[in-house]
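Residues per chain are reported as follows:
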Amino acid sequence: MKIGFIGLGNMGAPMAANLAAAGHEVVGFDTVADTPEGVKAVGSGAEAASDADVVITMLPNGAILRAVAAEIIPAMAPDAVFVDCSTVEVDAAREVAEQAADAGLGWLDAPVSGGVGGAAGGTLTFMVGGSEDAFARVQPLFDIMGQKAVLCGPAGNGQAAKICNNMILGVTMIATCEAFAMADKLGLARQSMFDVVSTSSGYSWTMNAYCPAPGVGPQSPSDNDYQPGFAAELMLKDLGLAQAAAEAADADTPMGAAALALYRRFVEEEDGKGRDFSAMLPRFEGRSRS
Ligand code: NAD
């Protein structure tokens, strides 16, 4: 396939490189980042988009997606599919999907989980919103860049799935960290805490697969001085998107709201910026109730 790839940052570059390595013809554009091996650099988003069967965007936020969409939709070939893999507001995805449909183009919002390691290793999970037809056409590309792609319903539903998942993740990480810090104060060894909880009803991905306590459980960013991994500021972004969606849909999400407030404080006022989101544990360690 001919693929236009726009946004070649930490995630986009390895994703584009994997598509090129699998034999697809990939042209790429980024305002700043270098073009990875195997991808042909072009001078604008519109140039990357014209003549492509599939255009993939991997951009920082919804405002940039809207701007890029305005530039590339008129340039795209009839019947091409626009696949946005960025994490953005549900509303932004639905708005751009409508513009794509009006121009006769296919659309998929396909945010990912799996981080930079998953992007490099081709093991991402794609949560996808859009038509079955567009999904079937792009599936071979999802198979190269990832290990799983789930069609979650019409446009916007991929973003909805992503922020619901990450709201659970943020809330669960905080719960796991505050429980570890409380266990410390109760004189319970962290290894004992892990051995019990990881096989009891308090288990979770954050405890069992990404344990925030160094030296306990499987290898995780906590064992590497909380280098990300998944940075606290990215969790803050996703929790913000979740609350924006909750407000728009009139959904009552007190735990999601509390998690947003805590990560905001952690990133903006404490020392969370640039650290993994599991560094909530050392944050709680140093605190008391007052
Ligand atoms: P990044 O900042 O490294 O990459 C974004 C790239 O987009 C940058 O290179 C930037 O120069 C480029 N860009 C900005 N405006 C542009 C424009 N108008 N035209 C072309 N390129 C432009 O970010 P990332 O870590 O690669 O994340 C990308 C998206 O994936 C984000 O929406 C993020 O929330 C999501 N995401 C990231 C991770 C992660 O672990 N990094 C995990 C899951 C999802």
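The sections below set out a description of the structure shown in this document. (Residues numbered from 1 in each chain as written. Predicted model: local features only at pLDDT ≥ 70, side-chain atom pairs only at ≥ 80, totals over all residues. Heavy atoms only, no water.)

Description of the environment of valine 216
Inspection of the secondary structure puts valine 216 in the loop between α9 (205-208) and α10 (232-249). Given a relative accessible area of 5%, valine 216 falls into the buried group. Along the backbone, valine 216 and phenylalanine 194 are 22 residues apart, and their C-alpha atoms lie at a distance of 7.1 Å. Beyond its immediate chain neighbours, meaning those up to four positions away, valine 216 contacts Arg190, Gln191, Phe194, Cys211 and Asp223. (Helix = DSSP H or I, 4+ residues; strand = E, 2+ residues; numbered from the N terminus. Buried < 20%, exposed > 50% of the residue type's maximum accessible area, 1.4 Å probe, protein only. Contact = heavy atoms within 4.5 Å.)

Some remarks on α10
Here α10 contains 18 residues, and its C-alpha end-to-end distance of 26 Å stays within 8% of the 26 Å for a straight helix at 1.5 Å per residue. Those residues of α10 lying buried are Ala232, Met235, Leu236, Asp238, Leu239, Leu241, Ala242, Gln243 and Ala246. Those residues of α10 that are buried are in contact with α7 (157-185) and α11 (254-268). Following α10 by one or two positions, aspartate 250 has its phi on the positive side, about 55 degrees. (Expected span 1.5 Å × (residues − 1).)

What to know about the site of the ligand
Taken together, 23 residues sit near the ligand, with Asn10, Met11, Asp30, Leu59 and Lys237 positioned nearest. Within the backbone of methionine 11, one N or O atom sits 2.8 Å away from an oxygen atom of the ligand. Contact distances for the ligand include 2.8 Å between an oxygen atom and a backbone N or O atom of leucine 59. Notes on the ligand: free accessible area 830 Å², of which the protein chains cover 83%. Listing elements by their share of the shell around the ligand, those giving two or more residues are α3 (62-72), α5 (115-121) and α10. (Near = heavy atom within 4 Å. Polar contact = N/O pair within 3.5 Å; in protein donor to acceptor, adjacent residues only side chain to side chain. Areas by Shrake-Rupley, 256 points an atom, 1.4 Å probe, with all protein chains shown as cover.)

What to know about the packing of α10 against α11
Interhelical geometry of α10 versus α11 gives an angle of 145 degrees and a closest axis separation of 9 Å. The handedness of the crossing between α10 and α11 is left-handed. Here Ala232, Glu233, Met235, Leu236, Leu239, Gly240 and Gln243 of α10 lie close against α11, whose contacting residues are Gly256, Ala257, Ala259, Leu260, Tyr263, Arg264, Phe266, Val267 and Glu268. Of the residues in the contact of α10 with α11, the class split is 10 nonpolar, 3 polar and 3 charged. (Axes fitted to C-alpha atoms, helices over the stretch in contact; angles between N-to-C directions. Left-handed = near helix turned anticlockwise from the far one by under 90°. Nonpolar A, V, L, I, M, F, W, Y, C, P; charged D, E, K, R; others polar.)

Description of the pairing of strand β6 (residues 106-109)
Neither face of β6 is left uncovered, since the one carrying Gly106 and Leu108 and the one carrying Trp107 and Asp109 both have all their residues buried. With helix α4 (residues 90-102) bridging strand β5 (residues 81-84) and its parallel neighbour β6, the resulting β-α-β unit is right-handed. Of the strand pairs in this sheet, β6 and strand β8 (residues 124-130) are connected by 2 bridges, and their pairing is antiparallel. Paired with aspartate 109 across the two strands is glycine 129, which belongs to β8. (Right-handed = clockwise from strand over helix to strand, strands pointing away. Pairing = 2+ DSSP bridges.)

Some points on the packing of aromatic side chains
Throughout the structure, instances matching the rule amount to 7 aromatic pairs. Taken together, a centroid distance of 5.5 Å and an interplanar angle of 50 degrees make the contact between tyrosine 210 and phenylalanine 277 tilted. Separated by 67 residues along the polypeptide, tyrosine 210 in the loop between α9 and α10 and phenylalanine 277 in the loop between α11 and α12 (280-285) bring together distant segments of the chain. In this structure an aromatic cluster arises from ring pairing among Trp205, Tyr210, Phe230 and Phe277. (Phe/Tyr/Trp six-rings, centres within 6.5 Å; stacked < 30°, edge-to-face > 60°.)

Let's talk about the nonpolar core
By size, the foremost hydrophobic cluster in this structure holds 33 residues, and its most contacted members are Tyr263, Phe277 and Met280. If you list the elements that add at least two residues to this core, you get α7, α8 (190-197), α10, α11 and α12. No other element matches the 8 residues that α7 contributes to this core. Within the second largest apolar cluster, 31 residues are counted, among which are Ala13, Val81, Leu108 and Val128. (Core = buried A, V, L, I, M, F, W, Y, C linked by side-chain atoms within 4.5 Å.)

Some points on unusual backbone geometry
For the bond from proline 228 to glycine 229, the omega torsion is 15 degrees, close enough to zero to count as cis. The residue glycine 229 is located in the loop between α9 and α10 in this model. Phi at aspartate 225 takes a positive value of approximately 55 degrees, unusual for a residue other than glycine. Counting through the fold element by element, aspartate 225 comes out in the loop between α9 and α10. On the basis of relative accessible area, aspartate 225 is assigned to the exposed category, the value being 59%. If you check the backbone angles, aspartate 250 has positive phi at about 55 degrees while not being a glycine. By the secondary structure assignment, aspartate 250 is in the loop between α10 and α11.

What to know about the packing of α7 against α10
Taken N-terminus to C-terminus, the directions of α7 and α10 make an angle of 120 degrees; their axes are 9 Å apart at the nearest point. As far as their axial angle goes, α10 and α7 are oblique. For α7 against α10, the interelement crossing comes out left-handed. Packed against α7, whose contacting residues are Lys162, Ile163, Asn166, Met167, Leu169 and Gly170, the element α10 presents Met235, Asp238, Leu239, Leu241, Ala242, Gln243 and Ala245 at the interface. Class assignment for the residues of the contact of α7 with α10 results in 8 nonpolar, 3 polar and 2 charged. (Parallel < 35°, antiparallel > 145°, perpendicular 65-115°, else oblique.)

What is shown is where atoms sit, not what they do.
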